[in-house]
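# A look at the structure
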Amino acid sequence: MSEGTLYDKVWDRHKVADLPNGQDQLFIGLHLIHEVTSPQPFSELRERGIEVPYPERNVATVDHIVPTRPEGRERPLADESAEGMLTALERNTSETGIQFYGLDSEKQGITHVVAPELGLTQPGMTVVCGDSHTATHGAFGAIAFGIGTSQVRDVLASQCIAADKAEVRRIEVDGTLGPGVHSKDLILKIIAELGVDGGVGYVYEYGGEAVRDLSMEERLAVCNMSIEGGARAGYINPDETTYEFLRGREFAPEGGAFEERKAYWESVASDADAEYDDVVHLDADGLEPMVTWGTNPGQAVGVSDPVPAPADLPEGEREAARTAQDHTGVTPGEPMAGYDIDVAFLGTCTNGRASDFREAAAVLEGREVHDEVRALAVPGSQTVKSTLEAEGVDDVFRAAGFDWREAGCSMCLAMNDDSLEGDERCASSSNRNYVGRQGSKDGRTVLMSPAMVAAAAVKGEVTDVRDMEVGA
Amino acid sequence: MKVRRVAGTGVPLRGDDIDTDQIIPARFLKTTTWEGLDEYAFYDARRDDEGELNDHPFNEYRGANLLVVNDNFGCGSSREHAPRALARWGVEAIVGESFAEIFADNCKSLGIPAATTDAETVTELQDFIEENPKAGIELDVVDETVTYDGTTVDVDIPEAMRGALVQGIWDTVALLRSNMDAVDTTAADLPYVDSR
């Protein structure tokens, strides 16, 4: 078993007790709540007469079901089910004294975008949410993972969950990402290499030169998709990049308290001689922008590489590849570059941060979205939106022909008005390309970085962004 | 309630990496209760282009309670609605090559054993069910075996899941709340938590 890693240290600090079923009782430092996975737990607590013991360690916002058209956000919401979920969350948070950033808040947005930007997520914490992309928060050196609804109930009732300790796999990435290549490409490469179930039973510790060089926003995108590789959590050890990001954030400590807290953050980082259950090496040098050709996030190639022929894949992957290619309509041996797209979607908890839109805007500057492409820009939070509007980035998107929206999960999972129609092919900055994920069972999602989405929007086809003059 | 064995008939569902969006599409999660989720289990896969029910196993094997799946079942979204929809449809136990972790945790929360075995054993079991849809199958949670057609094969159930099921302690609220003093002590020792 691993020893001396951040995972070991944070786990030990948060372990409350051994449970009779052999699991550990783990204290949860930050519980993020949204409207989809919380109504039933709150109802159960009410029925059982249980009060929330640590309301201040729980924070709620609304993201999955909210309309992203400005005119669609008037209350009551037109969709009665969505209105019901929102009303339930308003009541549940107000009755329990939990902070809620609702549609009327300038801080509303996707849980995994809001918590980092408010400084709620900090190193050395345990963070959970009823959403698999909670892994995002590991970018700060927190142990962060998604939980089911019954576990949401457990956290509300006790601020704890019953959990099994995982093994730790260190993913060491040497080298440097080239121009036009982003952290999204890196994580897609990692998942393609290790498989969508390669991380089951593991937590991923990302390190090495290429990871150290990433900004916090880029680190968040890497950790976000840990779950797509089967790892329930992924993290990056805290360093100066982490501390600088946190300084001055609303919920970060101030002045002397910041320095004191920093001592704790530094103390939980993995030791130089930490022991891992597994170590994997990758090289960022020469990495291409990545795109998916199939129906899971691991079915990805470099944009100029040929789509693999099923017969050339390991036996266990052939049938899935055939089924996937039948669905996505791609031809083995051809690169993904050149396939027409119908929709371009920028946003989500993976790539809905200000830096993502700035990277895309650099590509869009002075250009227009292709005639036959429907293009959506959906900021991950209202803070992201107002920041970009203050910089004039929204003007670049509007001028290019993007629809500029309000914050929410939008067509990542299509629990709102935004959805693919028929067999539309979508260049998407989201995290999942499973069949039906974007709201149409025949829809086709091609995952890529925000810069690549912008390039595809302009060309009307999957395009290597490095072939376009950018940031002139 | 203790879950020591699940006996009944099987439903084979082939394919690797079947994610929770396929088990229950996101548009059916807009609910504040768990009512009626059985209607939505594999909703899109169970219908043809005209909306008519097709020959999907969840249409063909109604009344079955042991689901037999392949690799990495339940990956993707954390939604507990997925095992809840399966359970409301009638699934009481799942045997597969492997499960995504959050999905397996959710099964445990609902008292549904999720047992694993090798690919060959899973395929044999799926073949057997397709040829003998009415034949009895039994999962023994205590002994970690599956018995069908006079054959008994070994399966694995993670110790925490097996312990919880066999002892009937998968409803963890009371368990966790019985340690609130220790919770407060652990919390008070964390530099970022204000004492309660």
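The residue numbering used here restarts from 1 in each chain and proceeds along that chain's sequence as written. Just so you know, chain letters begin at A and ligand numbers begin at 1, following the order they were written in. Side-chain atom pairs in this predicted model are given and counted only at pLDDT of 80 or more, local residue features only at pLDDT of at least 70, and totals for whole chains, interfaces and linings cover all residues. Hydrogen atoms and water are omitted, and side-chain values are computed over all heavy atoms in the structure.

## Some details on the side chain of S428(A)
Residue and element names in this part refer to chain A. The condition is simple: Labels follow the DSSP assignment, with helices taken as runs of H or I lasting at least four residues and strands as runs of E lasting at least two, numbered in each case from the N terminus. With a 1.4 Å probe rolled over the protein chains alone, any residue whose accessible area is under 20% of its type maximum counts as buried; one over 50% counts as exposed, and the rest are partly exposed. Whenever two N or O atoms come within 3.5 Å, that pair is a polar contact, provided that in protein one can donate a hydrogen and the other can accept it, and provided that, for residues adjacent in sequence, both atoms are side-chain atoms. Here a residue-residue contact requires only that any non-hydrogen atoms of the pair lie within 4.5 Å.
With respect to the helices and strands, the residue S428 is situated in strand β18 (residues 425-428). Judged by relative accessible area, which is 0%, S428 ranks as buried. At a separation of 2.6 Å, a polar atom in the side chain of S428 contacts the side chain of S430. Apart from residues lying up to four places away in sequence, S428 is in contact with K184, F345, Q438, T445, V446, L447, M448 and V453.

## Points about the pairing of strand β9 (residues 167-174) of chain A
Residues and elements named next belong to chain A. To be explicit about the condition: The crossover handedness rule: strands pointing away from the viewer, path from first strand over the helix to second strand clockwise, crossover right-handed. Two strands pair under a simple rule: DSSP has to find at least two bridges between them.
In terms of burial, β9 is a largely internal element, six of the eight residues being buried. At this point the chain moves from β9, through helix α6 (residues 183-194), to the parallel strand β10 (residues 202-207), and the crossover so formed is right-handed. Across six bridges, the pairing between β9 and strand β12 (residues 278-283) is parallel. Note on β12: the bridge partner recorded for V173 is L282.

## Some points on the confidence of the model for chain B
This is how the line gets drawn: pLDDT measures how confident the predictor is about each residue, on a scale from 0 to 100.
Chain-level pLDDT for chain B is 95 on average; 99% of the residues reach the 70-or-more range. Overall fold confidence for the complex sits at a pTM of 0.95, while the interface term, ipTM, reaches 0.94.

## Observations concerning the packing of helix α13 (residues 354-364) of chain A against helix α16 (residues 450-459) of chain A
Residue and element names in this part refer to chain A. To be explicit about the condition: Geometry is summarised by axes, namely lines fitted to C-alpha atoms with helices restricted to the contacting stretch, and by angles between N-to-C directions that run from 0 to 180 degrees. Handedness of a crossing follows from how the near helix is turned relative to the far one, being left-handed for an anticlockwise turn of less than a right angle and right-handed for a clockwise one. Polar here means any residue other than Ala, Val, Leu, Ile, Met, Phe, Trp, Tyr, Cys and Pro, which are nonpolar, and Asp, Glu, Lys and Arg, which are charged; Gly is therefore polar.
Contact geometry for α13 and α16: axes closest at 8 Å, N-to-C directions at 35°. Two packed elements cross with a definite hand, and for α13 against α16 that hand is right-handed. In contact with D356, E359, A360, V363 and L364 of α13, α16 contributes P450, A451, A454, A455 and V458. Counted by class, the contact of α13 with α16 contains eight nonpolar, no polar and two charged residues.

## Examining the sheet that holds strand β1 (residues 15-18) of chain A
All names here are of chain A. Spatial strand order, β1-β2-β8: three strands in an open sheet with antiparallel pairing. The strands lining the two open edges of the sheet, one partner per strand, are β1 and β8 (160-163). The mean angle between the axes of side-by-side strands here comes to 25°, regardless of whether they run parallel or antiparallel. In the sheet, β1 pairs with strand β2 (residues 24-27) via three bridges, with the strands oriented antiparallel. Opposite A17, over in β2, you have Q25 as the bridge partner.

## Observations regarding the packing of aromatic side chains
Heads up, the rule is: Here the aromatic set is Phe, Tyr and Trp, taking the six-membered ring for Trp, and pairing holds for ring centres within 6.5 Å; pairs whose planes are under 30 degrees apart are stacked, those over 60 apart are edge-to-face, and all others are tilted. Lysine and arginine charges are scored as sitting over a ring when NZ or CZ, respectively, is within 6 Å of the ring centre and within 35 degrees of the ring normal.
Summed over the entire model, instances satisfying the criterion amount to 19 aromatic pairs over all chains. Ring centres of F258(A) and W265(A) lie 5.4 Å apart, and the angle between their planes is 90°; this geometry places the pair in the edge-to-face category. The pair formed by F258(A) and W265(A) is uniform in burial state, with each residue classed as buried. Geometrically, the ring pair formed by Y40(B) and Y43(B) is tilted, given 6.1 Å between the ring centres and 50° between the ring planes. Since its relative accessible area comes to 27%, Y40(B) is described here as partly exposed. A residue is classified by how much of its surface remains accessible, and Y43(B), at 24% relative accessible area, is partly exposed. Ring pairs connect the aromatic residues F357(A), F397(A), F402(A) and W404(A), which therefore count as one cluster. Over the face of the ring belonging to Y202(A) we find R169(A), whose NZ or CZ atom lies 4.0 Å from the ring centre.

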